[in-house]
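So the chains spell out like this:
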Amino acid sequence: MRLEGKVAIVTGGSRGIGRAIADRFSKEGALVTLIDRDKPSDALHEGQHFTQGDVSSPLLWEQVTGEILAKCRRIDVLVNNAGIIDHAKVHEIDLAQWERTIAVNQTAVMLGMRAVIPTMLPNHAGAIVNISSIWGSVAAAGAASYHATKAAVRNLTKNAAVTYANQGVRVNSIHPGLIRTPIVDLQEEEKTAWVIARTPMGHMGIPADIANGALFLASDEAAFVTGTELYIDGGYTAQ
């Protein structure tokens, strides 16, 4: 198995992409802690543990890393997947919602990395996968705060990759295109159809597509991969 004995954290792990990643990691032999503000709707699998909380809280990260280290003595993999979206255009932005989006999509990624990297450095090993978006590199109308935060995740990932490259910690980002998730199910059908029409493959992806990419980046198969942007988008950004 590709993650045999690895200890992993997946944020936003209760559903959608996060749950798909957590389940794939478990199948590959990892012990996985899922973090989410909402409880999982499906039963956890063997080797999975759930912690409920807000990923933008430093105290939550202290709690989670402390509990994992007390039990497992190390953390091998972190997947920063939790995210929210606000569809407001720049002139429509509510400041409180803007700050909340930054807290969850951007600050939480920093907090997660800040919490786990010190545990990885002594072992000279670790893999971090940050879930950005195609909207972190290219643009569509609206969703200004989402674009801004996902672009920040893209460059923060590169900064961490370069900073820790010679210390054994690899940091990469995944940039999903349109994926069938609860968030996408809630957005306007016209917006979904617009993106599908501009996707060369002609359809949206599924959470397992992202889980497969995360598995590769988290595994030892990606030992010489850091600072990369993995686009899983049906060809959208190739145009």
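Residues numbered from 1 in each chain as written. Predicted model: local features only at pLDDT ≥ 70, side-chain atom pairs only at ≥ 80, totals over all residues. Heavy atoms only, no water.

As named in an unreviewed UniProt entry, the protein is Glucose 1-dehydrogenase, taken from Paraburkholderia agricolaris.

**Things to note about the packing of aromatic side chains**
Across all of its chains, the model carries 1 aromatic pair by this definition. When the ring of tryptophan 135 is compared with that of tyrosine 236, the centres are 5.6 Å apart and the planes differ by 85 degrees; the resulting orientation is edge-to-face. Placement of tryptophan 135 in the loop between strand 5 (126-131) and helix 4 (144-164) and of tyrosine 236 in the segment after strand 7 (229-232) is noted, with a sequence separation of 101 residues between them. An identical accessibility class is assigned to tryptophan 135 and tyrosine 236; each is buried. (Phe/Tyr/Trp six-rings, centres within 6.5 Å; stacked < 30°, edge-to-face > 60°. Helix = DSSP H or I, 4+ residues; strand = E, 2+ residues; numbered from the N terminus. Buried < 20%, exposed > 50% of the residue type's maximum accessible area, 1.4 Å probe, protein only.)

**So, unusual backbone geometry**
Its identity is not glycine, yet arginine 73 carries a phi of approximately 70 degrees, on the positive side. Assignment of secondary structure puts arginine 73 in the loop between helix 2 (58-72) and strand 4 (77-80). Arginine 73 gets classed as exposed once you look at its relative accessible area, which sits at 76%. The phi angle at alanine 143 is positive, at roughly 50 degrees, despite the residue not being glycine.

**Describing the sheet that holds strand 4**
Through backbone hydrogen bonds, the strands of a sheet pair up, either in parallel or in antiparallel fashion. Spatially, 3-2-1-4-5-6-7 is the arrangement adopted by the 7 strands of the open sheet, whose pairing is parallel. At either end of the open sheet lies a strand with only one pairing partner, and these are strand 3 (48-52) and strand 7. Across the sheet, the mean angle separating the axes of adjacent strands is 15 degrees when strand polarity is ignored. In this structure, strand 5 lies alongside strand 6 (residues 169-176), joined through 6 bridges in parallel fashion. Residue asparagine 130 lies in a different strand from strand 6, and its bridge partner there is serine 173. Along the sheet, helix 1 (residues 16-27) makes contact with strand 1 (7-11), strand 2 (31-36), strand 3, strand 4 and strand 5, crossing strand 1 at roughly 165 degrees. (Pairing = 2+ DSSP bridges. Axes fitted to C-alpha atoms, helices over the stretch in contact; angles between N-to-C directions. Contact = heavy atoms within 4.5 Å.)

**Quick word on the packing of helix 1 against helix 7 (residues 207-218)**
The contact between helix 1 and helix 7 brings their axes to 8 Å, and the two run at 50 degrees. With respect to each other, helix 1 and helix 7 are oriented oblique. The handedness of the crossing between helix 1 and helix 7 is right-handed. For the pair formed by helix 1 and helix 7, the contact residues are Gly16, Ile17, Ala20, Ile21, Arg24 and Phe25 on the first element and Pro207, Ala208, Ile210, Ala211, Asn212, Ala214, Leu215 and Ala218 on the second. Of the residues in the contact of helix 1 with helix 7, the class split is 11 nonpolar, 2 polar and 1 charged. (Parallel < 35°, antiparallel > 145°, perpendicular 65-115°, else oblique. Left-handed = near helix turned anticlockwise from the far one by under 90°. Nonpolar A, V, L, I, M, F, W, Y, C, P; charged D, E, K, R; others polar.)

**Some details on the environment of isoleucine 93**
Relative to the helices and strands, isoleucine 93 resides in the loop between strand 4 and helix 3 (95-120). The residues touching isoleucine 93, leaving out its near neighbours within four places in the chain, are Ala88, Trp98 and Ala144.

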